[in-house]
Amino acid sequence: MDLVLVPMRWWHIETIAALEPTVFATDPWSAELFWSELAQGAGRRYLTVFHGESKFCGGSEFRGGSEGSADASAHTGGAASIVGYGGLAVADDGAYIQTVGVVPAMRGQGIGARLMIALLRHARQLGARSCGLEVRTDNHAARALYARLGFVDIGMRRGYYQPSGGDAYVMRVRPIDTVGYATLLDDIERALPGRARLAS
Ligand SMILES: CC(C)(COP(=O)(O)OP(=O)(O)OC[C@H]1O[C@@H](n2cnc3c(N)ncnc32)[C@H](O)[C@@H]1OP(=O)(O)O)[C@@H](O)C(=O)NCCC(=O)NCCS
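Quick caveat, the model's predicted, so the values are computed rather than measured.

## With respect to helix α6 (residues 179-190)
At step 1: The first and last C-alpha atoms of α6 sit 16 Å apart over 12 residues, in line with the 16 Å expected at 1.5 Å per residue.
At step 2: Little of α6 is tucked away: 1 of the 12 residues are buried.

## Regarding the packing of helix α4 (residues 111-125) against α6
At step 1: Packing of α4 against α6 leaves a shortest axis separation of 10 Å and a crossing angle of 160 degrees. Considered as vectors, α4 and α6 are oriented roughly antiparallel to each other. For the pair α4 and α6, the sense of crossing is left-handed. In this structure, α4 uses A113, I117, L120, R121 and R124 to contact α6, whose residues at the interface are A182, L185, I188 and E189.
At step 2: Taken together, the residues that form the contact of α4 with α6 break down as 6 nonpolar, no polar and 3 charged.

## Things to note about the nonpolar core
At step 1: One finds L5, L47, V49, L115, L119 and A123 to be the most contacted residues of the largest nonpolar core, which totals 47 residues.
At step 2: Considering every element that reaches this core, the biggest residue donor is α4, with 9 residues.
At step 3: For L47, the residues in contact, after removing those within four places along its chain, are L5, V6, P7, M8, Y85, G86, L115, A118 and L119.

## Some thoughts on the pairing of strand β1 (residues 2-7)
At step 1: Pairing of β1 with strand β8 (residues 195-198) involves 4 bridges; the strand directions are parallel. Bridged to L3 within β8 is A196.
At step 2: Strand direction decides the pairing type here: β1 and strand β2 (residues 44-51), joined by 5 bridges, are antiparallel. Each bridged residue has a counterpart across the sheet, and for V4 the counterpart in β2 is F50.

## Regarding the environment of Y85
At step 1: Mapped onto the fold, Y85 is located in strand β3 (residues 81-91).
At step 2: Judged by C-beta crowding, with 27 C-beta atoms within 10 Å, Y85 ranks as buried.
At step 3: Residues Y85 and G112 lie 27 residues apart in sequence; the distance between their C-alpha atoms is 8.5 Å.
At step 4: For Y85, the residues in contact, after removing those within four places along its chain, are M8, I16, Y46, L47, T48, V49 and G101.

## Notes on the packing of helix α1 (residues 13-23) against helix α2 (residues 31-38)
Describing two packed helices takes the angle between their axes plus the distance from one axis to the other.
At step 1: Relative to each other, α1 and α2 sit at 135 degrees, their axes nearing to 9 Å. Classified by the interaxial angle, the pair formed by α1 and α2 is oblique. Considering only the axes of α1 and α2, their crossing is right-handed. Where α1 approaches α2, its residues I13, E14, I16 and A17 are matched on the opposing element by A31, F34 and W35.
At step 2: The residue inventory of the contact of α1 with α2, partitioned by class, reads 6 nonpolar, no polar and 1 charged.

Definitions and cut-offs
Residues numbered from 1 in each chain as written. Predicted model: local features only at pLDDT ≥ 70, side-chain atom pairs only at ≥ 80, totals over all residues. Helix = DSSP H or I, 4+ residues; strand = E, 2+ residues; numbered from the N terminus. Expected span 1.5 Å × (residues − 1). Buried ≥ 20, exposed ≤ 12 C-beta atoms within 10 Å, placed from the backbone. Axes fitted to C-alpha atoms, helices over the stretch in contact; angles between N-to-C directions. Parallel < 35°, antiparallel > 145°, perpendicular 65-115°, else oblique. Left-handed = near helix turned anticlockwise from the far one by under 90°. Contact = placed C-beta atoms within 7 Å. Nonpolar A, V, L, I, M, F, W, Y, C, P; charged D, E, K, R; others polar. Core = buried A, V, L, I, M, F, W, Y, C linked by C-beta atoms within 7 Å. Pairing = 2+ DSSP bridges.

This is the structure in structure tokens:
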């Protein structure tokens, strides 16, 4: 499995917004929300994961899915498609996972872990000492992933998810600015199946 993680670009948004209802059965984000997140600039880091026979031109040149198709092949002549995406906010020494999702057919192959590792490394580069997130209380797959990355429960927010009204656990990992945490990320990544690279 060949994966490329590239910085999310505006031309990915239409495809990602089309995928959202299948990735998030409840409370999917709108295209406008992704637009607004990307507009935040340096305080945000969003990544798109492509899978397949790729004709990547350094990542940033890649314009897969600009017509709203979940399959980018129409735009590349190849067969690369968006299989996941995630985003991080960083302010001062704290980072926050805004969203992370993998298309259902590609789950359980380490894509979620690769996204989280890339986002956490970025948070470290920006000087973050901790990283937080919210997760649905019944989201066992996500909670397993976050626990492996060192996140622990620090609270609960009732009715956090809207419009569904679902409850969330607040999870946090710290410190992430240590050699030990960098090693943990490296070790988890090394054990993942397939190959992946981060394009600039
Ligand atoms: C959460 C999500 C991003 C994980 O993506 P993924 O590519 O499947 O992640 P990985 O393959 O790296 O593995 C995730 C972990 O979930 C575990 N897992 C998978 N399905 C599971 C299930 N039904 N119950 C419990 N754990 C499960 C895996 O075993 C793995 O844990 P492990 O490494 O300790 O074995 C993906 O399930 C998803 O997109 N879910 C819907 C969107 C969502 O809920 N996002 C998180 C919002 S907070």
